Amino acid sequence: MAEKLEQLEQHLEQFIENTRQMGIIVSDFQPQGQPVLNQKIHAMITGMQEIDRCKSQLQDVQVPLEVFEYIDQGRNPQLYTKDCMEKSLAKNEQVKGKIDALKKFRSQLILELDKVFPEEIAKYKAAREIVKEEPS
C-alpha cells in the first residue's frame, strides 16, 4: 500500500511541476515557445492518465474530511495528525484526572461509611477480596 501511495505522490508532484512550468510558459508566451507548450500539455495529459490509473489501486483509502478542511485553509495536512494526537493527549489527561478524583472519592467514602456502618463495610471489603481472588 505504501508503495502505491508513493507512486501516486510522485505522479502528483510531477503533475504539479508540469503545471507550474506551463504557467511560466503561458505567462510570457512567445510564438517560438509553442512546441514547448504543446509538449507540456501532452505531459499534463499523460500525468492525468497516470493519476487516473493509480485511483483504482487506492480505492480503499479513507481520508478524514478534516484533512480536506486543512488543505482548503492552506494548512499542512500533516498537521491534522499532530493536532489529533494533541487533542487525544489532552482528553486522556482530563479523563485520568476524573478517574483519580473518583478513586479518591471512593476511598474517602469507604472511610466515612466505615465509621457509621463498620459491619457492613467489613462485609463489603470481604466480598471484594473474594471477587479479586476468583479467576476470570
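Residues numbered from 1 in each chain as written. Predicted model: local features only at pLDDT ≥ 70, side-chain atom pairs only at ≥ 80, totals over all residues. Heavy atoms only, no water.

### A look at the pattern of salt bridges
Part 1 of the reasoning: Considering all chains together, one arrives at seven salt bridges under this definition.
Part 2 of the reasoning: The salt bridge partner of Arg20 is Glu17, with a shortest N-O separation of 2.6 Å. Separated by three residues within a single helix, Arg20 and Glu17 lie in helix α1 (residues 2-27), roughly one turn from each other.
Part 3 of the reasoning: With a relative accessible area of 45%, Arg20 lands in the partly exposed category.
Part 4 of the reasoning: On the basis of relative accessibility, which here comes to 26%, the residue Glu17 falls in the partly exposed class. (Salt bridge = Lys/Arg side-chain N within 4 Å of Asp/Glu carboxyl O. Helix = DSSP H or I, 4+ residues; strand = E, 2+ residues; numbered from the N terminus. Buried < 20%, exposed > 50% of the residue type's maximum accessible area, 1.4 Å probe, protein only.)

### As for helix α4 (residues 78-116)
Part 1 of the reasoning: Over its 39 residues, α4 extends 58 Å from the first C-alpha to the last, a length consistent with the 57 Å expected when each residue adds 1.5 Å.
Part 2 of the reasoning: The inward-facing, buried residues of α4 abut α3 (65-72) and α5 (118-133). (Expected span 1.5 Å × (residues − 1). Contact = heavy atoms within 4.5 Å.)

### Quick notes on the domain arrangement of the protein chain
Part 1 of the reasoning: In terms of domain boundaries, the protein chain breaks down into domain 1 (1-61) and domain 2 (63-135).
Part 2 of the reasoning: Spacing between the C-alpha centres of domain 1 and domain 2 amounts to 50 Å. (Domains from an automatic or database assignment.)

### Considering a nonpolar patch on the surface
Part 1 of the reasoning: On the surface, a cluster of nonpolar side chains totalling about 630 Å² of accessible area is made up of Met1, Leu5, Val61, Val63, Leu65, Phe68 and Ile71.
Part 2 of the reasoning: Here the nonpolar patch takes three residues from α3, the largest share from any one element.
Part 3 of the reasoning: Turning to its location among the elements, Val63 is positioned in the loop between α2 (34-55) and α3.
Part 4 of the reasoning: You can call Val63 partly exposed: its relative accessible area is 41%. (Patch = residues over 30% accessible without salt bridge, like charges linked within 9 Å, V, L, I, M, F, W, Y side chains within 5 Å. Areas by Shrake-Rupley, 256 points an atom, 1.4 Å probe, with all protein chains shown as cover.)

### Examining the side chain of Asn18
Part 1 of the reasoning: With respect to the element layout, Asn18 can be found in helix α1.
Part 2 of the reasoning: Ignoring any residue separated from it by four or fewer positions in sequence, one finds Asn18 in contact with Lys40, Ala43 and Met44.

### Comments concerning a negative patch on the surface
Part 1 of the reasoning: A grouping of Glu3, Glu6, Glu9 and Glu13 is seen on the molecular surface, where their side chains present a negatively charged patch.
Part 2 of the reasoning: Mapped onto the elements of the fold, Glu13 is located in helix α1. (Lys, Arg positive; Asp, Glu negative; His and termini not counted. Charge placed at Lys NZ, Arg CZ, Asp CG, Glu CD.)

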